[in-house]
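# A structural walkthrough
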Amino acid sequence: APGEEPPGDGPEPWLGGLHNSNNNASPAGRLGPRNGRPFSPFGARAPSAEPSYVERVVLEIVESERTYARDLRSIVEGYLGKIIDAEEPLLRPEQVSALFGNIEDIYELSSNLLQNLDSCDNDPAAVAVCFVTRSQEFDIYTQYCNNYPNSVAALTECMRNKQQAKFFRECQEQMRHALPLGAYLLKPVQRILKYHLLLQEIAKHFEHKSGDDYEVVVEAIDTMTCVAWYINDMKRKHEHAIRQQEIQSLLLNWKGPDLTTYGELVLEGTFRVHRVRNERAFFLFDKALLITKRRGDHYVYKNHIPCSSLMLIESTRDSLCFSVAHYKHIKQQYSLQ
C-alpha cells in the first residue's frame, strides 16, 4: 500500500525516501516571524527548475509527516475505535491499555504538527520553528516508547486468541494494509528518532550557514536530538530495570536485599574464571558487582563486591585478562578472561 514502510528497518534508511512531490500548501495561517522579521522565501526558482536538496528534504519532512499522521489515524480509528465501539468486549481493558499506550495523544500531536508544517510554505526556517516551539510536547513519546515492550507482548497474546486474531486480520483487510498492526505500532518509535536526522540534512546543505534562518534550524536540531537522546536513555533504563527484575527472579541462594537497592544495572557478561571449572556470570550495578554461576535458566549466587570497595587489576601478561577483588581481601581475586 502507498506510504507503507517495512518494520524493523531502524532509523538509518529513513533519509532514502526523498521525493519531489509538492504539497501546494496555502501560506494562510503560516507561522509568525522570528525576531519580528518575516521568513524570506527560500531558494526562489522558476517552476520548471529542479528543486534543491534542502527543498526536497523539507518536502520529505512534510509529506512523511502526512503519511505518518494517516498511519496513526488508521490505528486510532481502524483498530482502537472499533474495539471501543464493539458491542461485546473483544479485549480486556488492560490489554487495550498495554497494546495502544498513549497512541491517541501521539496522533493528536502529529496532526497539529502537520497542520503547522503545511502552513510553512516549504520554508526550512519556518519548518524548524515548528519543532522548536513544540519541544516539550514531544515528551509524550517517552511514555509510548517505554510502553512499547508491553505493546509487543499484548499483541503476541492477542494473536494466540483465535477470535482476537481474526478481528485484527479483518481490520487489516478493511483498511487494505499490506502490513499488520504490529508494524504500525512500531512507527512512533521510528518516527521520533527520525526528526533530528532530517533536520541535520537541512543544515548540512543550507546555502548560508549564518543568520537567523540557519540558527533556528540548528536550534531545531539540538531540540530534537535532545528528545531522541532522552527517549533512548529512558528506553535503555526501562529495559535495564526489566532485566534487573528478571535477574532477581532467577537468582538462587541470594540472602541480600532487593537488587534495586544496588542501583541501575550497568553491564553484564559471562567470563571464564581462572581455577574455576564453569564460567561465571557477572552483573555490574551502580553500587555492587554480583558474581553468579549459571544453572539452567537460573543464576546461583557466589559472591558480591560493593563498588566502593572494588579493585580492578589489569593483567601484564594477557591483554584479554583482568582481575577484580575486594580491596580488603586482595588475595581473593577473580581473574577473568
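Basis of the calculations
Residue numbers here run from 1 along each chain, matching the order of that chain's written sequence. Given that this is a predicted model, residues contribute local features only at a pLDDT of at least 70 and side-chain atom pairs are listed and counted only at 80 or more, while totals for whole chains, interfaces and linings are drawn from all residues. The side-chain quantities take in all heavy atoms of the structure and omit both hydrogens and water. By this definition, two strands are paired if DSSP reports at least two bridges between them. A run of H or I in DSSP becomes a helix once it reaches four residues, and a run of E becomes a strand once it reaches two; helices and strands are each numbered from the N terminus. Axes here refer to lines fitted to C-alpha atoms; in helices the fit is confined to the stretch in contact. Angles between the N-to-C directions go from 0 to 180 degrees. Whenever Lys or Arg places a side-chain nitrogen within 4 Å of a carboxyl oxygen from Asp or Glu, that contact is recorded as a salt bridge. Multiplying 1.5 Å by the residue count of a helix minus one yields the expected span of that helix. In this scheme, a residue with accessible area under 20% of its type's maximum is buried, one over 50% is exposed, and one in between is partly exposed, where area comes from a 1.4 Å probe on protein chains only. Taken from the helix axis, the directions to the C-beta atoms give the arc we talk about. Here, two residues are considered to be in contact whenever any of their heavy atoms come within 4.5 Å of each other. By convention in this document, the label disulfide applies to cysteine sulfur atom pairs within 2.5 Å. To pair, rings of Phe, Tyr and Trp, with the six-membered ring standing in for Trp, must have centres within 6.5 Å; the planes then decide the type, stacked if under 30 degrees apart, edge-to-face if over 60, and tilted in the middle. Charges are assigned to positions over rings by a cutoff of 6 Å between ring centre and Lys NZ or Arg CZ, combined with an angular limit of 35 degrees from the ring normal.

The name an unreviewed UniProt entry gives the chain is PKHG3 protein, with Nothocercus nigrocapillus as the organism.

## Some points on the sheet that holds strand E7 (residues 322-326)
Read across the open sheet, the 3 strands follow the order E6-E7-E8; overall the sheet is antiparallel. A strand with exactly one partner marks an edge of an open sheet, and here the two such strands are strand E6 (310-314) and strand E8 (334-336). This sheet shows a mean twist of 25 degrees between the axes of neighbouring strands, independent of strand direction. Sheet topology note: the E7/E8 ladder contains 3 bridges and is antiparallel. Along E8, the bridge assignment pairs Ser 323 with Ser 335.

## Details of the pairing of strand E5 (residues 298-306)
By the bridge criterion, 2 bridges tie strand E1 (residues 251-252) to E5 in an arrangement that is parallel. If you follow Leu 251 over to E5, its bridge partner there is Tyr 299. Taken together, strand E4 (residues 288-295) and the strand that follows it, E5, pair antiparallel across an intervening segment of 2 residues, in which Gly 296 is found at a positive phi of about 65 degrees.

## Points about the pattern of salt bridges
On inspection of all chains with the given rule, the structure shows 17 salt bridges. Between Arg 66 and Asp 118 there is a salt bridge; the shortest N-O distance is 2.8 Å. Here Arg 66 is found in helix H1 (residues 53-85), whereas its partner Asp 118 is found in helix H3 (residues 103-118), with 52 residues between them in sequence. Within the structure, one salt-bridge network assembled from shared partners comprises Asp 233, Arg 236, Lys 237 and Glu 264.

## Side note on H3
Spacing of three or four residues puts side chains on the same side of an α-helix, whose turn is 3.6 residues. The end-to-end C-alpha distance of H3 is 22 Å, a good match for the 22 Å that 16 residues give at a rise of 1.5 Å each. Turning to H3, its buried residues number three or more, namely Ile 103, Ile 106, Leu 109, Ser 110, Leu 113, Leu 114, Asn 116 and Leu 117. Seen end-on, H3 carries its buried residues on one side only, within an arc spanning 160 degrees. The secondary structure elements touched by the buried residues of H3 are H1, helix H2 (93-100), helix H4 (124-133), helix H5 (140-159), helix H7 (181-192) and helix H8 (195-204).

## Overview of the state of the cysteines
Enumeration over the complete set of coordinates arrives at 0 disulfides. Its sulfur unpaired, Cys 120 is 3.5 Å from the next cysteine sulfur, which belongs to Cys 130.

## Some points on the packing of aromatic side chains
A complete count under the given rule lists 13 aromatic pairs for this structure. Geometrically, the ring pair formed by Phe 131 and Phe 138 is stacked, given 6.2 Å between the ring centres and 15 degrees between the ring planes. With a centroid separation of 5.8 Å and an interplanar angle of 90 degrees, the aromatic rings of Phe 271 and Phe 322 are classed as edge-to-face. Of this pair, Phe 271 sits in strand E2 (residues 265-271) while Phe 322 sits in strand E7; the two residues are 51 residues apart in sequence, bridging distant segments of the chain. Ring pairing ties together the aromatic residues Phe 131, Phe 138, Tyr 141 and Tyr 195, which thus form one cluster. Over the ring of Tyr 184 we find Lys 187; its NZ or CZ atom is 5.2 Å from the centre of that ring.

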